[in-house]
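Residue-level listing of the chains:
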Amino acid sequence: MFAVIKTGGKQYRVSANDLLQVERVTGKPGEIIQFADVLAVGEGEDVTIGAPLVDGASVAAEVVEQGRGKKVIAFKKRRRQNSRRKRGHRQLLTTVRISEILTGGAKPSKKAAAKPAAKAEEKPAKKEAAPKKAEAKTEAPAAAAPLFTAPAGEPDDLTKIKGIGPVAAGQLAEQGITTYAQVAALTDEDVVRIDEAMPFSADQIKDWREQAKELAK
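These numbers come from a predicted model, not from an experiment. (Residues numbered from 1 in each chain as written. Predicted model: local features only at pLDDT ≥ 70, side-chain atom pairs only at ≥ 80, totals over all residues. Heavy atoms only, no water.)

Engineer: Help me understand a negative patch on the surface, please; the structure alone is not making it clear to me.
Structural biologist: Negative charge collects at one region of the surface, where Asp195, Glu196, Asp203 and Asp207 lie side by side. Note that Asp195 resides in helix α3 (residues 188–197). (Patch = residues over 30% accessible without salt bridge, like charges linked within 9 Å, V, L, I, M, F, W, Y side chains within 5 Å. Areas by Shrake-Rupley, 256 points an atom, 1.4 Å probe, with all protein chains shown as cover. Salt bridge = Lys/Arg side-chain N within 4 Å of Asp/Glu carboxyl O. Lys, Arg positive; Asp, Glu negative; His and termini not counted. Charge placed at Lys NZ, Arg CZ, Asp CG, Glu CD. Helix = DSSP H or I, 4+ residues; strand = E, 2+ residues; numbered from the N terminus.)

Structural data, given as structure tokens:
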């Protein structure tokens, strides 16, 4: 025996125990739902066609799973309008298993699957709070001393040296370098110390030293 049902704007030819996906219908897995829009019912060559529906006919199905279909990309572009639109869509789907085809206003004989009884879980006894261990106070490490001692007076604008931006100037100031004279007076040993302690290369520092000599005049 078969039936033709209509749901989600589509028609499906179904028989008992058929598994099919339809557009989303309300129901939880295990529930029995009914499709009332039956367009035709038949068995062999004996077919009843509805006008448009078959009176008293329905199809009972069990909800197997609620899910979504594959993503479909809709892309639209207008020529010479600099207009394009891209959207994705995933259709909400319900997987159902046809349980029986009913005629004459009959009700479904199969009931919804019984939900498993919730087992009474014994609440574990509260554990006694363990005595808190004395947390060892860790002293914050002392801040590293700056590499140089900043001279008294107004600092120079080190950003005038090509290659020193505001961030680099601030980092140099933290290490006590604030004037052109200091940069110009850096020795090769000082360059090595800065190279090891700061994110500047030795060649870069030497280039700053040559520029600072001109600015310090």
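Engineer: Please explain helix α1 (residues 166–174) as it appears in this structure.
Structural biologist: Think of an α-helix as turning once every 3.6 residues; residues three or four places apart then point the same way. The set of residues buried in α1 consists of Ala168, Ala169 and Leu172. Projected onto a plane normal to the axis of α1, the buried residues spread over an arc of 100 degrees and lie on a single side. Set apart from the buried face of α1 by more than 90 degrees, the exposed residues are Pro166, Val167 and Glu174. Contact partners of the buried residues in α1: α4 (202–216). A positive backbone phi angle near 90 degrees is found at Gly176, which sits one or two residues after α1. (Buried < 20%, exposed > 50% of the residue type's maximum accessible area, 1.4 Å probe, protein only. Arc of directions from axis to C-beta. Contact = heavy atoms within 4.5 Å.)

Engineer: In this structure, what is going on with the pairing of strand β6 (residues 46–49)? I would like to understand it.
Structural biologist: The side chains of a regular strand alternate between the sheet's two faces. As paired strands, strand β5 (residues 38–43) and β6 are joined by four bridges and run antiparallel to one another. Across the sheet, residue Glu43 finds its bridge partner in β6, namely Asp46. The turn joining β5 and β6, which pair antiparallel and follow one another in sequence, is formed by two residues; a positive phi near 70 degrees is taken by Gly44. (Pairing = 2+ DSSP bridges.)

Engineer: It is not clear to me how α3 should be interpreted in this structure. Could you clarify?
Structural biologist: Listed in full, the buried residues belonging to α3 are Asp190, Val191 and Ile194. Projected down its long axis, α3 carries its buried residues within an arc of 100 degrees, all on one side. Relative to its buried face, α3 has exposed residues pointing more than 90 degrees away, namely Glu189 and Glu196.

Engineer: Help me understand the packing of aromatic side chains in this model?
Structural biologist: Each aromatic ring pair is summarised here by two numbers: the centre-to-centre distance and the angle between the ring planes. The full count for this structure, using the stated rule, is zero aromatic pairs. Looking at Arg13, its charged tip hangs above the ring of Phe2, at a distance of 4.0 Å from the centre. Of note, Arg193 hangs over the ring of Phe148, and the distance from its end group to the ring centre comes to 4.9 Å. (Phe/Tyr/Trp six-rings, centres within 6.5 Å; stacked < 30°, edge-to-face > 60°. Lys NZ or Arg CZ within 6 Å of the ring centre and 35° of its normal.)

Engineer: Even after reading the chapter, I still don't get the environment of Trp208, so can you show me in this structure?
Structural biologist: With respect to the helices and strands, Trp208 occurs in helix α4. Looking at Trp208, the relative accessible area reads 3%, which means it is buried. When sequence neighbours within four positions are dropped, the list of residues in contact with Trp208 reads Ile161, Lys162, Gly163, Ile164, Leu172, Val183 and Phe200.

Engineer: Explanation requested: the sheet that holds strand β4 (residues 32–35) in the structure shown.
Structural biologist: Backbone-to-backbone hydrogen bonds pair the strands of a sheet. The strands run either parallel or antiparallel. Reading across from one edge, β3-β10-β7-β4 is the order of the four strands in this open sheet, with antiparallel pairing throughout. A strand with exactly one partner marks an edge of an open sheet, and here the two such strands are β3 (19–23) and β4. Neighbour to neighbour, the strand axes of the sheet diverge by 45 degrees on average, direction disregarded. In terms of strand pairing, β4 meets strand β7 (residues 58–68) through four bridges, oriented antiparallel. When the bridges of β7 are listed, Ile33 appears paired with Ala61. (Axes fitted to C-alpha atoms, helices over the stretch in contact; angles between N-to-C directions.)

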